[in-house]
Every structure is written in C-alpha cells, then in structure tokens.
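# Coordinate inspection notes
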Amino acid sequence: MSKPRALVFLAKGFEEIEFVTIVDVLRRANVHVTIVSIEDECGPVAGKTGINVLPDCLAKDISKDDLYDLVSLPGGLPAAEAFASSEIVGEILRCHNDNKKIVAAICASPLAFKSVTYYHYCEIFATEACYSNPYFSTHKINRGKAATIYPALHLRLDGNYKYSSDDVVVADNMVRTTECFGTTFWAIV
C-alpha cells in the first residue's frame, strides 16, 4: 500500500504557524508532504513574520491530474489572495475537489475558493455578465456549501458560501475550513 500524499501550498505572507502545523502533523502521521510555491522561482518564501521556507517545487510543475490525498492552504491574507488569483491553484483545487479528495483552507485561505479578481469585479459592477464571463470565473470549490473563515473576512464569503460563525472548523463534503491558527490541527484530522 502506498503512503498517503499531501500537497501544501506556499505564497508570500503565509501564516507560518498554520503552515508548520500542517506539515509537521502530516509528516508525523507518515504522510508524504510536498511543499509547493506559487511564486515564480523555487527559492525561499517569506512568511508573515519573515520566516523563510524552501519549497520542494513550483506550482507550475505540479500536474493538475496528479491527485494527492489532501491539498492544503495555510492562511495569511497576502497568501490567501495570491492563492485566489492563481489559475494554477484554482485548477489543482478544482481537480482535487471534483475527484473527492480533501481540500483544506485555514484562516483567510477559504478566499482561494473563489477568485479575488472576480470578487472585486462583481462587488464593483454587480452585473450578471460577470457570472457568465469565463475571464471572471471562480475557482468554484464547494460553492454554496458551509464554510468558515477568519471572522473579520466573513463578508467576503457571502453569496458564495454558507458562513458558519458558530463553528471554528467546518467540514462539508471533502472540504475543510477553519477560522484561525488555533484550529489548524482540526482542519486536517
């Protein structure tokens, strides 16, 4: 039997405690973890407090058809917005979600389930055209389902997800969301 595999994304400004918790717990559970950066070069990626992490590879090197058992996104608002605006992240998330693999997003990273560009465009223009224009298409991960997020960002989920303010961790289908670093562990258990 092959070892379970996880893909953990990195982007500048990621929340270090969320990233390290995910990677550490999974590796202790004998899961093969691949750390993947969405940056342009495979060099160290600086987290929110300046801790640098060296990824294993770049997102562009991951085939969207190479299925992992878990795909995880640590929080940190700059990282979450970078994940949300990344086509590669969107393709990988959609493929894993469509194939019933676990997708976990922590703190601000549930924003990556939809495109930031799409969100701001529709917020400003609020036209029906934005919903059918493929240029503004969302990543559409678990759309319409329950989710949680860092509480100050919950309005950015409205209209796309059923925000749960009562639950610090939400599991709906194979998607796990959690609102902050203190609940990171529970998003992947």
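Residues numbered from 1 in each chain as written. Predicted model: local features only at pLDDT ≥ 70, side-chain atom pairs only at ≥ 80, totals over all residues. Heavy atoms only, no water.

### Side note on the overall build of the protein chain
Filter applied, for reference: We count a stretch as a helix when DSSP gives it H or I for four or more residues in a row; a strand needs E for two or more, and each element gets its number in order from the N terminus. Whether a residue is buried, partly exposed or exposed follows from its accessible area with a 1.4 Å probe, protein chains only, as a fraction of its type maximum: under 20%, in between, or over 50%, in that order. A contact between two residues is defined here by any heavy atoms of the two lying within 4.5 Å. Here the open area of atoms and residues is found with the Shrake-Rupley method and a 1.4 Å probe, where only the protein chains shown may cover a residue.
Each helix and strand counted, the protein chain has 6 helices and 11 strands in total. A total of 189 residues make up the protein chain; the buried ones form 49% of that total. Expressed as a percentage of contacts within the protein chain between residues at least 6 apart in sequence, the contacts between residues at least 24 apart total 67%. With the model as given, the accessible surface of the protein chain reaches about 9,300 Å², and the carbon-plus-sulfur share is 53%.

### Some details on the sheet that holds strand β1 (residues 5-10)
For the record, the criterion: For two strands to count as paired, DSSP must find a minimum of two bridges between them. Whenever a helix is involved, its axis is fitted only over the stretch in contact; in every case the axis is a line through C-alpha atoms, and angles between N-to-C directions fall within 0 to 180 degrees.
Spatial ordering of the open sheet is given by β5-β2-β1-β6-β7-β11-β10, a layout of 7 strands whose pairing is mixed. Each having just a single partner strand, β5 (57-58) and β10 (169-172) make up the two edges of the open sheet. Pairing of β10 with strand β11 (residues 175-178), which is carried by 4 bridges, proceeds in the antiparallel orientation. Pairing of aspartate 172 across the sheet is with valine 175, part of β11. Against the sheet, helix α1 (residues 16-28) contacts β1, β2 (32-37), β6 (70-73) and β7 (102-106), and its axis sits at roughly 155 degrees relative to β2.

### Comments concerning the side chain of serine 86
Using the following cut-off: A 3.5 Å cut-off defines polar contacts: any pair of N or O atoms within that distance qualifies, except that in protein one atom must be a possible hydrogen donor and the other a possible acceptor, and neighbouring residues in sequence count only when both atoms are side-chain atoms.
Structurally, the position occupied by serine 86 is in the loop between α2 (77-84) and α3 (87-98). One polar contact links the side chain of serine 86 to the main-chain amide nitrogen of valine 89, over a distance of 3.1 Å. The residues touching serine 86, leaving out its near neighbours within four places in the chain, are Ile38 and His139.

### With respect to the environment of alanine 105
In this structure, alanine 105 sits in strand β7. Note on alanine 105: relative accessible area 0%, which makes it buried. Each C-alpha atom of the pair alanine 105 and isoleucine 149 lies 8.5 Å from the other, and the pair is 44 residues apart in sequence. Ignoring sequence-local partners within four residues, the contact set of alanine 105 consists of Leu73, Pro110, Phe113, Arg176, Thr177 and Thr178.

### Focus on the nonpolar core
Grouped burial of nonpolar side chains is what soluble globular proteins tend to show. Basically, it comes down to this: By nonpolar core we mean a set of buried residues, namely Ala, Val, Leu, Ile, Met, Phe, Trp, Tyr and Cys, connected to one another through side-chain atoms within 4.5 Å.
Among the nonpolar cores identified, the biggest contains 47 residues, and Phe9, Phe83 and Leu93 are the most heavily contacted of them. Put simply, the parts of the chain that give this core at least two residues each are β1, α1, β2, β6, α2, α3 and β7. The greatest single-element share of this core, amounting to 5 residues, is contributed by β1. Sequence-distant contacts of leucine 93, that is, excluding residues within four places in its chain, are made with Val71, Leu73, Val103, Ala112, Phe113 and Ile141.

### Focus: the confidence of the model for the protein chain
Keep this limit in mind: pLDDT gives the predictor's per-residue confidence on a scale running from 0 to 100.
On average, residues of the protein chain score 82 in pLDDT, and 81% of them are at 70 or above. Overall, residues 116-137 carries pLDDT values under 50, and its contacts beyond four positions in sequence, including any with other chains, amount to 23 contacts.

### A few points about α1
Spelled out, the test is: The length a helix should cover is 1.5 Å for every residue beyond the first.
With 13 residues, α1 should reach 18 Å at 1.5 Å per residue; the first-to-last C-alpha distance of 18 Å fits that figure. Just beyond α1, the residue with positive phi is asparagine 30, at close to 65 degrees.

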